[in-house]
Amino acid sequence: MRQTTFMQIFSDLHGAISDGTLLPGMPLPSENTLAQQYSTSRPTVRKAIKMLSEQSLIVRKQGIGSVVAEKKQEKPLIFGLDLELQSSSYHYYQKIVKGISSVAESGKHKLQIISLESDLAAAAEGVDGFILSHIRNDQEKFNEFAKLAGQGTPVVLINRFPVNPELSYISVDFRKEMYRAVSCLLKNGARNVLLYAPFSCKEPQFVSRIEGWRQAYRENGLAVPELLVFDDDSPEDGERFLRQLKSGGTDVLFVSQGDEFFQAMQAVVAAGLRVPEDISIFCFDDMEFLSDRMGIPLSFIKMPLEKMGRLAAEYLIRKNRDRTSLPIHLVFETSLVINGCKFLP
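In short, a report on the structure. Residue numbers restart at each chain and count upward from 1, following the sequence in its written direction. It should be noted that, the model being predicted, local features are given only for residues of pLDDT at least 70 and side-chain atom pairs only at 80 or more, the latter also being counted only at that level, while totals for whole chains, interfaces and linings use all residues. The side-chain values count all of the structure's non-hydrogen atoms but skip hydrogen atoms and water molecules.

## A short note on the pattern of salt bridges
Any carboxyl oxygen of Asp or Glu within 4 Å of a side-chain nitrogen of Lys or Arg constitutes a salt bridge here. For the coordinates displayed, the defined rule picks out 15 salt bridges. The closest approach of N and O atoms between Glu-144 and Lys-141, which form a salt bridge, is 3.8 Å. With Glu-144 and Lys-141 both in helix H6 (residues 139-150) and 3 residues apart, this pair spans about one turn of that helix. The network of salt bridges with shared partners includes Glu-31, Arg-42 and Arg-46. Elements are defined by DSSP. Helices are runs of H or I of four residues or more, strands are runs of E of two residues or more, and each kind is numbered from the N terminus.

## Some remarks on the sheet that holds strand E12 (residues 299-302)
In this analysis, strands are considered paired if DSSP registers two or more bridges between them. What the 6 strands build is an open sheet, ordered E9-E8-E10-E11-E12-E14; its pairing is mixed. Of all strands in the sheet, those with a lone pairing partner are strand E9 (229-231) and strand E14 (335-337), marking the two edges. Shown here is a sheet whose adjacent strand axes are inclined to one another by a mean of 20°, direction ignored. Summarising the sheet, strand E10 (residues 252-255) and strand E11 (residues 280-283) pair through 4 bridges and their orientation is parallel. In the strand pairing of E11, Phe-254 is matched with Phe-282. Along the sheet, helix H7 (residues 174-187) contacts strand E8 (193-197), E10, E11, E12 and E14; its crossing angle with E10, the most-contacted strand, is approximately 175°. A fitted line through C-alpha atoms serves as each axis, taken over the contacting stretch for helices, and the angle formed by two N-to-C directions is quoted from 0 to 180°. Contact between two residues is taken to exist if any of their heavy atoms lie within 4.5 Å; hydrogens are not considered.

## Describing the environment of Asn-164
Assignment of secondary structure puts Asn-164 in the loop between strand E6 (155-158) and strand E7 (168-172). Whether a residue is buried, partly exposed or exposed follows from its accessible area with a 1.4 Å probe, protein chains only, as a fraction of its type maximum: under 20%, in between, or over 50%, in that order. The class of Asn-164 is buried, set by a relative accessible area of 10%. Counting along the chain gives 18 residues from Asn-164 to Ala-146, while the straight-line C-alpha distance between them is 6.4 Å. When neighbours within four sequence positions are excluded, Asn-164 is seen to be in contact with Gln-139, Phe-142, Asn-143 and Ala-146. Polar contacts, as used here, are pairs of N or O atoms within 3.5 Å; protein pairs need one atom able to donate a hydrogen and one able to accept it. Residues neighboring in sequence count only if both atoms are side-chain atoms. Side chain to side chain, Asn-164 and Gln-139 meet in a polar contact 3.1 Å long.

## Quick look at the pairing of E6
A two-sided burial pattern is seen for E6, the buried positions comprising Val-155 and Leu-157 on one face and Val-156 and Ile-158 on the other. Relative to E6, strand E5 (residues 130-132) is paired through 3 bridges, and the arrangement is parallel. Residue Leu-132 lies in a different strand from E6, and its bridge partner there is Leu-157. Once you follow E5 into H6 and on to E6, the crossover reads as right-handed. As paired elements, E6 and E7 share 3 bridges and run parallel to each other. Looking across to E7, one finds that Val-156 is bridged to Ser-168. Classification remark: right-handed applies to a crossover when, strands pointing away from the viewer, the course from the first strand over the helix to the second runs clockwise.

## Section: the packing of aromatic side chains
The pairing test for Phe, Tyr and Trp rings, Trp by its six-membered ring, is centres within 6.5 Å, and the orientation test on the planes gives stacked under 30 degrees, edge-to-face over 60, and tilted for anything in between. Scanning the entire structure with this criterion turns up 9 aromatic pairs. Ring geometry for Tyr-196 against Phe-241: centres 4.6 Å apart, planes inclined by 25°, an arrangement best described as stacked. A residue pair is termed long-range when its members are at least 10 positions apart, and Tyr-196 in strand E8 and Phe-241 in helix H9 (residues 235-247) qualify at 45 residues. Each member of the pair Tyr-196 and Phe-241 is classed as buried. Here the aromatic residues Tyr-196, Phe-230 and Phe-241 are joined through ring pairs into a cluster of three or more. The lysine or arginine in question, Arg-209, covers the ring of Phe-284, its NZ or CZ lying 4.6 Å from the ring centre. Two conditions define a charge sitting above a ring: the NZ of Lys or the CZ of Arg must be within 6 Å of the ring centre, and it must be within 35 degrees of the ring normal.

Laid out in structure tokens, this is it:
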């Protein structure tokens, strides 16, 4: 699902105001300028500007148009997060927290760690909203947070798709993005794309990646090679995985998430394979830091995690300022970063 044009205009202008590109008193580009820039209509532009006005980010001035509003002194808020900041060495969460922190620091807001096993109603009394990126897809837990949201404590989830309308979410479409990446590989001549994934895990964000891999084979007119799916939690699959690598003929090893990378690479090394001469490596995660540090050419699907964290924090602020604001449901596209993959330019 692509972001609508008016939401893109809103997001871009909101970001420019938040990061100081547009300072208080500065005029916004005219409706005609924005319409031309985004190849859209003036009513669409007005819709985005109306949202900015409703959030008191801009004001109308006679003879000038819309200008950035003066910042009001707001009391600092407390954001409840469901992860340990000090122990979140895993880069996925670091990027989300970096986006949240950029907003928190600019408004002197505070971050507070909450335990999902604690009394959530009591936790809600000490925070002004929740940002959840570590929570499992537990419907009972979603229901608890939906109840809190209905009572006035805003909740936004990152890379989860709750069915509860009270809950906000900011996510990527895991199935679509996996399909897009694998389909590109197949269209460019790859045939044996091994998938290393938590196959036994029933969390939707992992199941959808496997389904996206299957969809890519089907829609490219190829039989789905189920024997090329390997469960990273299965010792038997671990042995089969190593045998498959040693047998040769593997075009691409696709690792479904970053924290499986080292385990997968151990098998690649044990099989005596060279990257990228003998095999290409792809990962559904931002692996730039590892690629640079280890000197291994890795291609990957990059999610806009920092932006997602920033928008989550901005939503909590907006909701606290205007209780009539509706929950947000945003789905972002990813980008493919190609490094040493012979099947992609």
